[in-house]
Each structure stands twice: as C-alpha cells, then as structure tokens.
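Examining the three-dimensional arrangement
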Amino acid sequence: MLERDGRESWHAQVTGKMNRRTFVAGASALGLAMGPLAAGSRAYAGTPKSGGRLRVGVTGAHTTDTLDPATFEDAFTQLAGLGCIYNCLTEIDGSGSLVPELAESWESAGDARTWVFRLRQDVEFHNGKTLDANDVIASINHHRADDSKSAARPLVAPIKTISADGNHTVVFELSEGSADFPYLLSDYHLAILPADGDRLADPRAGIGTGGYRVAEFEPGIRMLTARNPNYWKAGRAHFDEVEIIGINDTTARTNALITEAVDLINRCDLKTLNLLERREGVAIKEATGTRHFYYPLLTQTDPFTSNHIRMALKLAVDREAMLKLLLRGHGAIGNDHPIGAANRFYAADIPQRLYDPEKAKWHLKQAGMDRLKVQLHAGEIFDGAVDSATLFSEHASKAGIDIDVARVPTDGYWSNIWLRKPFIASYSSGRATADWMFSTSLAGGAPWNDTQWNHERFNALLQEARVELDEARRRELYREMQLIVRDEGGYVVPVFANYVFASSEKLQHEETLAANWDLDGFKAPERWWFG
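Residues numbered from 1 in each chain as written. Predicted model: local features only at pLDDT ≥ 70, side-chain atom pairs only at ≥ 80, totals over all residues. Heavy atoms only, no water.

**Topic: the overall build of the protein chain**
As a reminder of what qualifies: The helix count covers DSSP runs of H or I at least four residues long, the strand count covers runs of E at least two residues long, and both are numbered beginning at the N terminus. With C-alpha atoms as the basis for the radius of gyration, the globule rule is written as 2.2 Å multiplied by the number of residues raised to the power 0.38. Each residue's exposure class comes from its accessible area (1.4 Å probe, protein chains only) as a fraction of the maximum for that residue type: buried when under 20%, exposed when over 50%, partly exposed otherwise. Contact between two residues is taken to exist if any of their heavy atoms lie within 4.5 Å; hydrogens are not considered. Methods summary: accessible areas were calculated by the Shrake-Rupley approach with a probe of 1.4 Å, and residue burial reflects only the protein chains presented.
For the protein chain, the count of helices and strands is 18 helices and 23 strands. In terms of overall size, the protein chain behaves like a compact globule, its C-alpha atoms giving a radius of gyration of 23 Å where 531 residues would be expected to give roughly 24 Å. By its C-alpha atoms, the protein chain is 70 × 60 × 40 Å across when sized along the principal axes. Within the protein chain, the fraction of its 531 residues that count as buried is 60%. Long-range contacts, defined here as pairs at least 24 residues apart, represent 72% of the contacts in the protein chain between residues at least 6 apart. Carbon and sulfur atoms make up 47% of the accessible area of the protein chain, which totals about 19600 Å².

Structure follows, in structure tokens:
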C-alpha cells in the first residue's frame, strides 16, 4: 500500500521555495533515494531460496503482443517486461516508495527542470553489452520520435533534450519543471534497451538488463525465460526459469492453479474466491492501489458530445451494487474520475455521486430526449467485465436508458474496440501520481485519452500543477481537476478494485506487496521464490 503519511511529511518540507539542498533532503525522506540501493536491507517473510520454474497464468495475452515496451498494453507483456526482461531507471518498491533501479542516484535543481541521473556501472544487457548513457538516451527517444505510437509519449513530451555527461550520467532538460519526473521513469514502457548508434538495436528483440533472458516467445500464448546469470541485482530473480502463460478465461486460469498446472494467477474470480480460499495449498493475496473499472465515452461522437447525456449515464449506475455484486466488497466506490484514495492528492471532500435515476431522466430531458438507447461493447478484459456491463444496463433501465450490451472477444479488444467504439467497458491500473494519471489518460491529445476529451481549463491546470512546488496550492489544482473530470469528462468510474491474486502456498515473497501494478507491481518473478 502507498505510505501517504510519509509523502505528506516530505511535501510539507518543500512548500514554497525549493532549493537543491531541501529537494535532495526531502526526496530522501520520501524514498527518492539519492544513493545506491542497499540490496540486502529488505525485510523478508522467509529466507529466499534459488531454483525452480515459476509458472504464471495471466490475463491480457494477445496475438498482437510484441516485446517492444512501447507496445505494452496488458498484463501478459507488462509482467514479462517489468518482471523478467527489462529494468527502468527507477522502481516503486513494496511500500510504495520510489527507489533506484538502473539509475544509481538522481538530483535536480530547484526549479525541477534539469534532472541529472547517474547510472550504475558494470550492468550488462543480455547480449553482453555494458549499459551506458547512450542506451538510456536511445531508449527514451524511442518514445519521443515524431512517428512514435507509444502510450508513454505524453510522459516524455516535456523533455527538451537528453544528453550524456560521460558514460554513466544522463542529463534531462525539461520544457517545464516536474517534481514527479523520477516517478515517470518507472513506467513499464520506459524500459532501457541496448542502443545501436543513436537508435535502439531492435526494440522487439527482447534484449534487456533484467533478471531473465527470453528463451521462447509465442505472442498471445506463452513466454519462457531463463535466469540471467549476470544479473546485477543482488538477492533478486531467484527462479531458474519463469514461464508466463496467457490464460484469459477466468475459470481456466483458476483451474490451472487448482490442478497445479501453474503456481500463480492474477485477477481471481471474486464470485468464487471463498471456494478458492478453502483449497488446501492455495494462498490468496490482496493489495489496495489505484486500479479502477470504468466506461469511457467518446466525447467527440454523438450522443456523447452532450454533457447532459454523459451526466445521465453517470447518474444511472448503482455504485454500491457494483461494489457488492461485482467486487464482493474488494474495493471502493468511484466518483467518475481516476484518482483514488491511495493517491496523496485524492480530493475526499468532493461529494460522492450517487445512483439517481430521476436526476438522470432530468438530464435526458435537457438533452431533448425522453429515452436513450446506446450500445455498450464489453469483453472479459477484467474479471466480471461483461457482468458489470449487464449490471449497468439493469441500473440504467430505471433512468430511461436502454443499454444494449454487445459481448466481444477479448483477443484484439485493445486493437479493435478500445478507442474505436464510442461506449465500452475498460479498466486502468492507475498511476502512482496524479500528474501521471491525468497526463496519460485525460490530457488533450494523449494517445491513451480514451474519451477524446480536450478541456481547455483542465489542460491549463495540468500544466500549472506539474510545476507548482507549493503543496497546498498543488492540492487545490488537483482538486479542481478531479471536479472537472467528474462533472464534465467522459469517464463513468463506478468502482476502484483491489488487486486480488492467488498462488501456491509454496511461493514466498517480501512482507509487503507493491500495489502500483498487479502481481506485486509486476515484479513477482523478480521478488518471489519457492520456500
């Protein structure tokens, strides 16, 4: 879980003017470590042991998958990339703190426009090449290119220049200050790959610095990796092999764990979780983070160009029923924006939107309608996605809204349905910071802006909040942004969902589990072991 109290105390130090000394001291208190990570300092639930093959059954496997981090969009490749093949400059640990990964340390001037990252030395890629500054520059520029389709492009857009200061120092010059910049570099898209001159050698080759090397890869089906004997992280990557198996069907995934065909699965079926808990040899894991289920509306497509129509749909979903029936209480109700209670800038004082069919009807009348008929496309992209769409349809019928649920295949969902159909079921893992979440999904022109929303005031506030160093003022800005999204955006966000996954009791891990992504921040292959 995120340690919000620690972050609050750090930000209290940087209220007002920030100089380099106070920034570095404050960052150390937050966990933005400015020195090497002490690899042996973590607390363990047991003594790590080496050996064995970890078999993970996961959702989100697609035949269009590649090993280019710019293309990662679902759990299969995210786990393979972040947990096995690649490393980033920074990493979020089990407590929610930011720690060094390939970067040994970093620092910034007071305006947070210039960031200097010092790299670890003697780190080798799987092909034997030694990591240097040019690899970092080429890897980040891969997402900055004019023709880049990477979802991380908005994250790196503020970078004006990247330069090397020797072989192991990289200097980032930003167009504007960004206090959250080191967090962004932990994103799974921004993995560091080997360079060939000024460009990446082959971003689809699966060559990284991670704990495991790619042995076999069948897109949408399976990946087998073998332990990297030259892995630079002490006390990590304990398995001899890691096999990631795409099992999109929830029942099949659960049966694979019960029959010991796999050792770990993600996204348990909450409807039958109580039965799974009773199985001998099975352990249930749960982490509370920023993951949310939502229904994006393409705001540039009729009838969703009308905010009255959008408001009618927001009022036509029974959030409490969704939490009870869909999540079995393993989560929290949402308020039609993507910032959850785990985020330090979550605006808890914004009134919670409730189920109100009569008010929804009023908004329909303001849009000139007595009834509304729309089609909602849903594939089983999260456990219960189709059921949630059916629940939404039942709730909305009382508001004079007829929702026709069109069930579509999971395979190809992100290529054929997402960003193409005007009303769909979707989910997001959320992001560690408010700026990161908003920049990725709601900023005008962002590739993952799945509502095609472009709000002038929101965009201006986003820019202002990113460079604001006064904590109180920044909180005010993010509060207004959450309110704007809630009342004018194209998001219907009924619930935030805990990460619930299950494993063999033979698997052990550190005492805390990361909640920034699924499966221990997608780091289970690196952090876990067989007891």
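**Side note on the pattern of salt bridges**
Rules: Between Lys or Arg on one side and Asp or Glu on the other, a salt bridge is scored when a side-chain nitrogen of the former is within 4 Å of a carboxyl oxygen of the latter.
Per the stated rule, a full pass over the model turns up 39 salt bridges. The partner of Lys 523 in a salt bridge is Glu 101, with the nearest N and O atoms 2.9 Å apart. Here Lys 523 is found in the loop between helix H17 (518-521) and helix H18 (524-527), whereas its partner Glu 101 is found in the loop between strand S3 (98-100) and strand S4 (103-108), with 422 residues between them in sequence. Three or more residues joined by partner-sharing salt bridges are found here, namely Glu 91, Glu 101, Lys 233, Arg 236, Glu 510, Asp 520, Lys 523, Glu 526 and Arg 527.

**Digging into the sheet that holds strand S16 (residues 331-333)**
Heads up, the condition is: A pair of strands counts as paired when DSSP detects no fewer than two bridges linking them. Where helices are involved, their axes are fitted lines through C-alpha atoms of the stretch in contact, as for all axes, and angles between N-to-C directions lie from 0 to 180°.
What the 4 strands build is an open sheet, ordered S16-S20-S15-S19; its pairing is antiparallel. The open sheet terminates on both sides in strands that have one partner only, identified here as S16 and strand S19 (426-428). For this sheet, the mean angle separating the axes of adjacent strands, direction not counted, is 30°. Two strands pair when backbone bridges link them, and S16 and strand S20 (residues 491-497) are joined in this way by 3 bridges, in the antiparallel orientation. Each residue of the ladder has a partner; that of Ala 332, found in S20, is Phe 496. In the packing of helix H10 (residues 319-326) onto the sheet, the strands contacted are strand S15 (292-296), S16 and S20, and the crossing angle to S20 comes to about 40°.

**Quick look at the nonpolar core**
As a reminder of what qualifies: To define a nonpolar core, start from buried Ala, Val, Leu, Ile, Met, Phe, Trp, Tyr and Cys residues and group those joined through side-chain atoms within 4.5 Å.
Grouped together as the largest cluster of nonpolar side chains are 99 residues, with contacts concentrated most on Leu 313, Phe 392, Ile 401, Ile 403 and Phe 423. For this core, the element with the highest residue contribution is helix H3 (residues 75-85), accounting for 7 residues. Contacts of Ile 403, omitting those with residues within four sequence positions, involve Leu 313, Val 374, Leu 376, Phe 392, Ser 393, Ala 396 and Phe 423. Judged by nonpolar contacts, the second largest core, of 33 residues, contains Val 136, Ile 137, Ile 162 and Leu 184.

**Brief notes about the packing of H10 against helix H12 (residues 385-397)**
Here is the rule: Left-handed describes a crossing in which the near helix is turned anticlockwise from the far one by less than a right angle; the clockwise case is right-handed. Each residue receives one of three labels: charged for Asp, Glu, Lys and Arg, nonpolar for Ala, Val, Leu, Ile, Met, Phe, Trp, Tyr, Cys and Pro, and polar for the others, Gly being one of them.
Two elements in contact, H10 and H12, have axes whose closest approach is 11 Å; the angle formed by their N-to-C orientations is 145°. In terms of crossing hand, the pair formed by H10 and H12 is right-handed. Across the interface between the two elements, Ala 321, Met 322, Leu 325 and Leu 326 of H10 pack against Ser 388, Leu 391, Phe 392 and His 395 of H12. Its residues assigned to classes, the contact of H10 with H12 comprises 6 nonpolar, 2 polar and no charged.

**Focus: the packing of aromatic side chains**
Each pair of aromatic rings is reported with the distance of its centres and the angle of its planes. Put simply, the rule reads: We call Phe, Tyr and Trp rings a pair once their centres come within 6.5 Å, taking the six-membered ring for Trp, and we label the pair stacked below 30 degrees between planes, edge-to-face above 60, and tilted otherwise.
Inspection of the entire model under this criterion finds 27 aromatic pairs. Ring geometry for Phe 345 and Tyr 478: centres 4.9 Å apart, planes at 40°, overall tilted. Separated by 133 residues along the polypeptide, Phe 345 in the loop between S16 and helix H11 (357-366) and Tyr 478 in helix H16 (residues 471-488) bring together distant segments of the chain. Tyr 478 sits in the buried class, given a relative accessible area of 0%. Look at Trp 517 and Phe 522: their rings are 6.1 Å apart centre to centre, the planes differ by 20°, and that puts the pair in the stacked class. Residue Trp 517 is classed as buried on the basis of its relative accessible area of 3%. Members of the aromatic cluster, connected to one another through ring pairs, are Phe 293, Phe 382, Tyr 413, Trp 414, Trp 418, Tyr 427 and Trp 448.

**Let's talk about the confidence of the model for the protein chain**
For clarity, the cut-off: The predictor rates its confidence in each residue with pLDDT, a number between 0 and 100.
Looking at the protein chain as a whole, the pLDDT averages 90, with 92% of positions reaching at least 70. Long-range and interchain partners of residues 1-44, a stretch whose pLDDT sits below 50, account for 92 contacts in this model, where long-range means more than four residues apart.

**What to know about the environment of Pro 194**
Examined against the element boundaries, Pro 194 turns out to sit in the loop between helix H6 (181-184) and strand S8 (195-196). Considered as a pair, Pro 194 and Val 136 are 58 residues apart in the sequence and their alpha carbons are 8.1 Å apart.

**Focus: the state of the cysteines**
Applicable threshold: Note that a disulfide, as used here, is simply two cysteine sulfur atoms within 2.5 Å.
Taken as a whole and assessed by the stated rule, the structure comprises 0 disulfides. Cysteine Cys 84 is unpaired, with the sulfur of Cys 88 as its nearest cysteine sulfur at 13 Å. The thiol of Cys 268 is unpaired, and the distance to the nearest cysteine sulfur, on Cys 84, comes to 19 Å. You can call Cys 268 buried: its relative accessible area is 4%.

**Here's the deal with the sheet that holds strand S14 (residues 282-287)**
Taking strand neighbours across the sheet as the criterion, the 7 strands line up as S10-S11-S12-S1-S13-S21-S14 in an open arrangement whose pairing is mixed. The sheet terminates laterally at strand S10 (212-218) and S14, the two strands that pair on one side only. Bridge analysis of S14 against strand S21 (residues 499-504) gives 6 bridges, and the strand direction is antiparallel. Bridge pairing in S21 places Glu 286 opposite Val 500. Against the sheet, H3 makes contact with strand S1 (53-58), S10, strand S11 (222-227) and strand S12 (241-246), and its axis sits at roughly 170° relative to S12, the strand it touches most.

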